[in-house]
Amino acid sequence: MPPAPRAPRLRGMEIQSVVASVRFGLGRRPDDPVPADPAAWLERQLAAPPAPLPAEGYAGIPAAFAAIRADRETARAAREAQARMAGSDGAARREGAEGMAAPEPPPGPAGAPPPAFERPRLIRAAGQAWLAHALATEAAFPVRLANFWLNHFTVSRRHPDAGAFLGDFLRTAIHPHVTGRFADMLLAVARHPAMLIYLDNAGSVGPNSRAGLRLGRGLNENLAREILELHTLGRAGGYAQADVTALARILTGWSVEGRREPLGFVFRAAAHEPGEKVLLGRRFAEGEEGGIAALRWLAEHPATHRHLATKLVRHFVADDPPPAAVDRVFATLRDTRGDLGAAARALIRLPQAWSPPLTKLRAPLDYTLAVLRALGMPPDLAAGIAFRDLPRLGQPLWAAPAPNGWADQAAEWAAPEGILRRIEWAHALAGRAARRVDARALAAAVLGPLAHPDTLREAGRAGSARDALTLVLASPEFQRR
Amino acid sequence: MSPDPPPTRRRLRAGRRGFLLGLSAAVALGGARLALADAPGERRLVVVLLRGALDGLAAVPAYGDPHHAALRGPLALPEPGQEGGALDLGGRFGLHPRLRTLHALYCANEALVVHAVAGPYRSRSHFEAQDALESGAERPRSSGWLNRALAAARPAAAAPAAALAVGTGVPLLLRGPAAVHSYAPQGLAQPEADLLARLLALHARDPLLGRAVAEGLRDRGFNAAVLAGTEAATGGGAGGAGPRGPGAFAALAAAAGRLLAAAGGPRVAALELGGWDTHAAQAARLLQPLGALDDGIAALREALGEHWRRTAVLVITEFGRTVRANGTLGTDHGTAGVAFVLGGAVAGGAVRTTWPGLAESQLFQGRDLAPTTDLRAIAKGLLRDHLRLPERALAQAFPGSEAVAPMRGLVRA
C-alpha cells in the first residue's frame, strides 16, 4: 500500500463523531473537521432557522404556471403535427379537462426531435440545486430533516403539473419550517399549489356552494383523506369516512389561481360548501378560517404527535422504533405544541440514537449523497450525477410512487437487484475517482472507527485502486446509517 | 429458510465465466441450480397488482343494471355496439374498449371476470389496503401470502415452485421465507467476477445485504442466459421502453414470460402496475394504464408460448372506487371492484358475480359497489386447484380465512 495521501486524522476519533454525521447527516466529507462534541455540533445546526434557499434554481409559482401553459401548447402543436403526418384532418384530440394535468408528451413522428417540455427542466433545475446544497453543506442535519418532511408531505413529480411546483414547495413550504412549528408547515403545505394540484383539492367544489349548484360539481376527497391518514392523525387516529368527507367540505374552495395576479393559493368563496362542519366531534365555521382552524387543531392533536414521533424515530433510529424513544419524542411534541426543532433535539438526546451497530439501511438518495460527499466531488457535478443515476438505483428524486412517500424500512430497499445496482454504481464512480482517492484513506476519513477490519483488509488486497475503492464504497457499513 | 452459505472465492473463480453468464454458475452458488432446474410442476401463476385502486365499473361496466347509466353519469361508456362503446361480455357486462386483448381472451374462454370483489378490508386507505392485499392478513405482516403459500408447500414433494419478482424491488406479496428471484432490465456494465466475489464475501456478515447480493448474482446469471440477445427488447437500452415510458410494462411482462417459460425457471411471478388512482378526469387518465395492462397481458402470453396453456394470471387491485363521479369527473376511494383471472389454464368466458345491484339501498354505505365475493376465495382457488398446493399452504397464506372457501372451477380440470 502506498502511504495514505491524507493524514489519518480520525485515528483517535470518537466513534460518536462519525455516528453523528452518519445517523443525522449525510456522511462525512474527507476534509470535514471532527467535532469535539458531536451532540453540541448537531444542536448548533438547529439553533436558528436554516438559511433561506436562494430563489435562483427553485422556480417560483409564476414560472411553474408558465411552464404548464407552455407544455400544453407544445403538446398541442406536437399532436397537430403528428395528425398532419398521419394524413388526418389535423384536429387535435383533447385529453383531460382544462385545469387538469396536461397529457404526457405524445411520441414524436419518426426522425423528428421530441418536443422540448418545460416542466421536466424546472424539476431538474430545482432537484440539482437541492442535491448540490446537500452535497456542499457541512451541516447536513437540516437537509436530512427537510428530506424527511418533504417525504412526509409527498408531492411526486409523477404528476407533472404538481411537479413543476416542487422547487417552490421545498423552498417556501418545507425548508423554512424544519425547526419551526408543525402547524405552520402543515398550513404552508396545504395552501401550496403543489399539494392542492397533486391531491386534487384545487377542483373540489362544495355541492351546495354557488359554483356547485350552478355547475353540478361536487367534492374531491383525496387531499382530505391523505391529510388525516398520512399528514396528521395517521391510521391509528380513529377517524371515519364521515370525517374524511367533513374535512373535504371544510377545504372546499382551497384552490389555485394560475391566470390572474396574485398567482398561487386562492380561496374561492363561491366553491366553498356553506355551513358549519363537524370533524371528529368538533365544529368548524364556514369559510377559509374554518379550514385554517381545522388544520391547526389537527396539527396539535395527540394522535398527530404520536404519528410524527413514530415516523421520526423510525427514520433516524430504527426500522422498529423503540417505544421508549417514541414516547420521548411524543412528549416533546406535546409539551412544545409541535415544535419541530425541539423534536429534532429530542432525537439527538435519545440514547438509542448513538449506539452502533447502525441498523438503518441507507435509502438510495442517502447512499448516493454519502458516496458523492465521501469522494469530495464538486457539488454541481456530483448533483448532476446523482439526479441522473437515482432512477437506476430505484429512487428517482421527488418521484415517489404514491402520496405515502418512499418507504423507510430496510426490507423495501434490500431487494437483490437494488443492492447489485448500488455495487455497479459504486464501481462506475470508483472508475472516475480512483486516480485521486485512496480507498483506505477514504475509509479512515469518512467511516473512521465504523470501517470494518474485513473491508480494510480486502481493500488492501484488491488488484486495483478502482476495485479497492469499490470495496469501500459498496461495503455493508457504507450502506448503513 | 436460511440463505445459502456464501461460496468461497475459489469456487466462484472456478466458475467465473458461467458465474456471470449462465446456469453453470448456479452449481457453484451452493445448490441454487437445484432450486431453479428441478422445480417440478409445469403450471405457472402470475399475479398482477394494480396499485392505486382500479375503478371496477370503468373496466367492466354493468350496463345491464337499470341504475348504471344514471349513477355513472358522465363516466358511463356507451353500450356495446355503439361508437366508443364497451366490448360485450354476454349481455349484462361490458369491457372497456381499451381492453382488446382481454376481450379476445374472454371470447376464447381464457378470461374470467369476477365482479363485486373485495378483500376483507374496509377503510379505504390505499396503503393499508395494499398491505392487506399483499400480506393476506388483516394485521400488517412482513411477509406476503404468495410467499407463505410457496414456503408452506415446500416440504411436500409436489410443489416447490420458485417465484420471480420483476423490477428493482420485491413487492410485499412475494416477501417472506421462500427464496424469490428478481429480474430488472440491465444497464451499467458489471464489475469483474473476481470483484463481485470479494463483495459477496464482504457482505456475508450482514444477513440482509449478504442474502441480497448472493441471490442477486445468482439471478443475474440465470436471467442473462434465458434472455440472451433479447435485452434490447425488454427496456434495457436507451429510448423506447424505458422504466417509465410507454411499453415499459409490456417489456417487463415479456421478460417475465420468457423467464417463466424457461426450463428450470421460476413458476410464479408478480408484476405491478400503477396509475389507477383516478380522482380527476378519470375517463382520459384511465386510457394509458388500461392500455398498458392490456398490452402487457398480450406480451406475457406471447412470451410464454406453449406454456400459456399451463398459466393462470390473477389481476387484482386494493379496492374499488365510488360508483358516482366526484366533483372533478373522477372517483374517490370505494370498496368492491373487479378481478380478472386470465390464461390458457383458466376456465374462462364468463363473468362470475353475485351482483349486488346499484340501487341506492344496494350500495355499500350509499356510495360504493357492495362486496359479494372475497378476493381471498379467488386466490385460494388458484393456489389449490391451479398450483395444487395443500390445504396447509392455503391456511398459511391467509390466516383466519377458514370461513372463506376457495372458489371452485377457476381452472380447467
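As the structure is a computational prediction, the values presented were derived from the model and not from experiment.

> Where do I start with the overall build of chain B in this structure?
Scanning chain B from terminus to terminus reveals 16 helices and 11 strands. Looking at chain B residue by residue over its 413 residues, the buried ones come to 60%. Within chain B, residue pairs in contact and separated by at least 24 positions form 75% of the contacts whose partners lie at least 6 positions apart. Of the accessible surface of chain B, which amounts to about 14900 Å², a share of 55% is contributed by carbon and sulfur atoms.

> Help me understand the overall build of chain A, please; the structure alone is not making it clear to me.
In terms of regular secondary structure, chain A is built from 24 helices and four strands. Split into buried and exposed, the 481 residues of chain A put 60% on the buried side. Residue pairs at least 24 apart in sequence account for 73% of intrachain contacts in chain A once pairs closer than 6 positions are excluded.

> Looking at this structure, I do not really get the packing of aromatic side chains. What am I missing?
Each aromatic ring pair is described using two quantities: the centre-to-centre distance and the angle formed by the ring planes. Residue and element names in this part refer to chain A. Across all of its chains, the model carries 16 aromatic pairs over all chains by this definition. Ring geometry for F65 versus F165: centroids 5.0 Å apart, planes at 75 degrees, classification edge-to-face. With F65 in helix α3 (residues 61-85) and F165 in the loop between α6 (160-163) and α7 (166-174), this residue pair connects regions lying 100 residues apart in the sequence. Over the ring of F265 we find R191, and its NZ or CZ is 4.1 Å from the ring centre.

> Please clarify how empty space enclosed by the protein should be interpreted in this entry.
Remark: the empty space left among the atoms is shown by a probe the size of a water molecule rolled over them. Tallied over the full model, the rule gives seven cavities of 30 Å³ or more. Quantified by volume, the largest cavity comes out at close to 140 Å³. Contributing to the lining of the largest cavity are 15 residues, with G119, P120, A132, L133 and L375 of chain B lying nearest its centre. Listed by contribution, the elements that provide at least two residues to the lining of the largest cavity are α8 (126-135), β8 (311-317) and α15 (375-385) of chain B. One number sums up the size of the second largest cavity: a volume of about 110 Å³. Taken together, 15 residues make up the lining of the second largest cavity; nearest its centre are S21, D32, W41, E138 and R373 of chain A. Within the residue set of the lining of the second largest cavity, elements represented by two or more residues are α1 (15-23) and α2 (38-45) of chain A. For the lining of the second largest cavity, a count of residues per class yields six nonpolar, five polar and four charged.

> Honestly, the interface of chain A and chain B in this entry has me stumped. Any pointers?
Accessible area lost during the coming together of the parts is what is often quoted as the interface size. On the side of chain B, 51 residues touch chain A, which itself brings 57 residues to the contact. Carbon and sulfur atoms supply 58% of the area buried between chain A and chain B, which totals about 4600 Å² over both sides. A per-residue breakdown of the area chain A buries against chain B is headed by P416, E417 and E424 of chain A, which together make up 13% of the total. The interface formed by chain A and chain B holds nine salt bridges in total. For R205 of chain B, the salt bridge is made with D454 of chain A, and the minimal N-O distance between the two is 3.9 Å. Linking chain A to chain B there are 22 residue pairs in polar contact (both at pLDDT 80 or more). Every element with two or more residues in the side of chain A that touches chain B is listed here: α11 (222-231), α19 (410-413), α20 (416-433), α22 (453-461), α23 (465-473) and α24 (476-479) of chain A.

> Sorry, what's going on with the pattern of salt bridges here?
Oppositely charged side chains can pair when the atoms bearing their charge come close. Applying the stated criterion across every chain, the model contains 54 salt bridges over all chains. One salt bridge connects R337 of chain A with E300 of chain A, and the closest N-O pair in it is separated by 2.8 Å. With R337 of chain A in the loop between α15 (323-335) and α16 (340-348) and E300 of chain A in the loop between α13 (288-299) and α14 (302-316), this pair connects stretches of sequence that are 37 residues apart. Classification of R337 of chain A by relative accessible area gives exposed; the value is 54%. Residue E300 of chain A is classed as partly exposed on the basis of its relative accessible area of 27%. For R376 of chain B, the salt bridge identified is with D374 of chain B, shortest N-O distance 2.7 Å. Per residue, the accessibility class of R376 of chain B equals that of D374 of chain B, and both read buried. Through salt bridges with shared partners, a single network forms among E221 and R225 of chain A together with R124, R367 and D368 of chain B.

> I'm lost on the confidence of the model for chain B in this one. Help?
Should pLDDT be low for a region, the predicted coordinates there are not to be read in detail. Residue and element names in this part refer to chain B. Summary statistics for chain B give a mean pLDDT of 82 and a share of 82% for residues scoring 70 or more. When the criterion is pLDDT under 50, residues 1-40 qualifies, and its contacts beyond four places in sequence or with other chains add up to 71 contacts. Taken as a whole, residues 231-244 scores under 50 in pLDDT and shows 24 contacts with residues more than four places along the chain or in a different chain.

> Mind showing me how you'd approach the environment of L112 of chain B here?
All names here are of chain B. Locating L112 in the fold gives a position in strand β4 (residues 111-118). Taking the C-alpha atoms as reference, L112 lies 6.2 Å from L342; in sequence the two are 230 residues apart. Not counting the four nearest positions on each side in its chain, L112 is found in contact with A339, F340, V341, V346, A347, G348, A350, R352 and L410.

> So what exactly am I meant to see when it comes to the nonpolar core here?
W149 and F169 of chain A are the most contacted members of the largest nonpolar core, which totals 158 residues. Setting aside its immediate chain neighbours within four residues, F169 of chain A contacts L150, F153, V155, I174, V189, H192, A194 and M195 of chain A. In this structure, F93, A253, W355 and L358 of chain B belong to the second largest nonpolar core, which totals 57 residues.

> Whenever I open this one, the side chain of R422 of chain A confuses me. Can you help?
Mapped onto the secondary structure, R422 of chain A falls in helix α20. Within the structure, the side chain of R422 of chain A is placed 3.2 Å from the side chain of Q479 of chain A, a separation counted as a polar contact.

> Where do I start with unusual backbone geometry in this structure?
A cis amide bond links E261 of chain A to the next residue, P262 of chain A, at an omega of -5 degrees. Relative to the helices and strands, P262 of chain A is located in the loop between β1 (254-257) and β2 (264-267). One non-glycine residue, R337 of chain A, lies in the positive phi region at around 55 degrees. Positive phi, normally seen in glycine, also occurs at L329 of chain B, with a value near 55 degrees. Positionally, L329 of chain B belongs in the loop between β8 and β9 (337-342).

> What's the story with α13 of chain A in this structure? I'm lost.
Every α-helix carries 3.6 residues per turn, so stepping three or four residues along brings you back to the same face. Here α13 of chain A spans 17 Å end to end across 12 residues, near enough to the 16 Å set by a 1.5 Å rise per residue. Those residues of α13 of chain A lying buried are G290, G291, I292, A294, L295, L298 and A299 of chain A.

> Would you mind showing me how to read the packing of α22 of chain A against α23 of chain A here?
Geometry of a packed helix pair, given as the angle between the helix axes and the separation of the axes. Residue and element names in this part refer to chain A. α23 packs onto α22 with a crossing angle of 165 degrees between their chain directions and a minimal axis gap of 8 Å. Taken together, the axes of α22 and α23 lie roughly antiparallel to each other. Relative to α23, α22 is oriented so that their crossing is right-handed. Listed contacts from α23 to T455, E458 and A459 of α22 are A468, L471 and V472. Considering only residue class, the contact of α22 with α23 consists of four nonpolar, one polar and one charged.

About the cut-offs
- Residues numbered from 1 in each chain as written.
- Chains lettered and ligands numbered in written order.
- Predicted model: local features only at pLDDT ≥ 70, side-chain atom pairs only at ≥ 80, totals over all residues.
- Heavy atoms only, no water.
- Helix = DSSP H or I, 4+ residues; strand = E, 2+ residues; numbered from the N terminus.
- Buried < 20%, exposed > 50% of the residue type's maximum accessible area, 1.4 Å probe, protein only.
- Contact = heavy atoms within 4.5 Å.
- Areas by Shrake-Rupley, 256 points an atom, 1.4 Å probe, with all protein chains shown as cover.
- Phe/Tyr/Trp six-rings, centres within 6.5 Å; stacked < 30°, edge-to-face > 60°.
- Lys NZ or Arg CZ within 6 Å of the ring centre and 35° of its normal.
- 1 Å grid on protein atoms, 1.4 Å probe; cavity = no way out; pocket = protein on both sides within 12 Å on 5 of 7 lines; lining within 4 Å.
- Points joined across faces, edges and corners; volume = space filled by probe spheres on them.
- Nonpolar A, V, L, I, M, F, W, Y, C, P; charged D, E, K, R; others polar.
- Buried area = accessible area lost by both parts, 1.4 Å probe.
- Salt bridge = Lys/Arg side-chain N within 4 Å of Asp/Glu carboxyl O.
- Polar contact = N/O pair within 3.5 Å; in protein donor to acceptor, adjacent residues only side chain to side chain.
- pLDDT = per-residue confidence, 0-100.
- Core = buried A, V, L, I, M, F, W, Y, C linked by side-chain atoms within 4.5 Å.
- Expected span 1.5 Å × (residues − 1).
- Axes fitted to C-alpha atoms, helices over the stretch in contact; angles between N-to-C directions.
- Parallel < 35°, antiparallel > 145°, perpendicular 65-115°, else oblique.
- Left-handed = near helix turned anticlockwise from the far one by under 90°.

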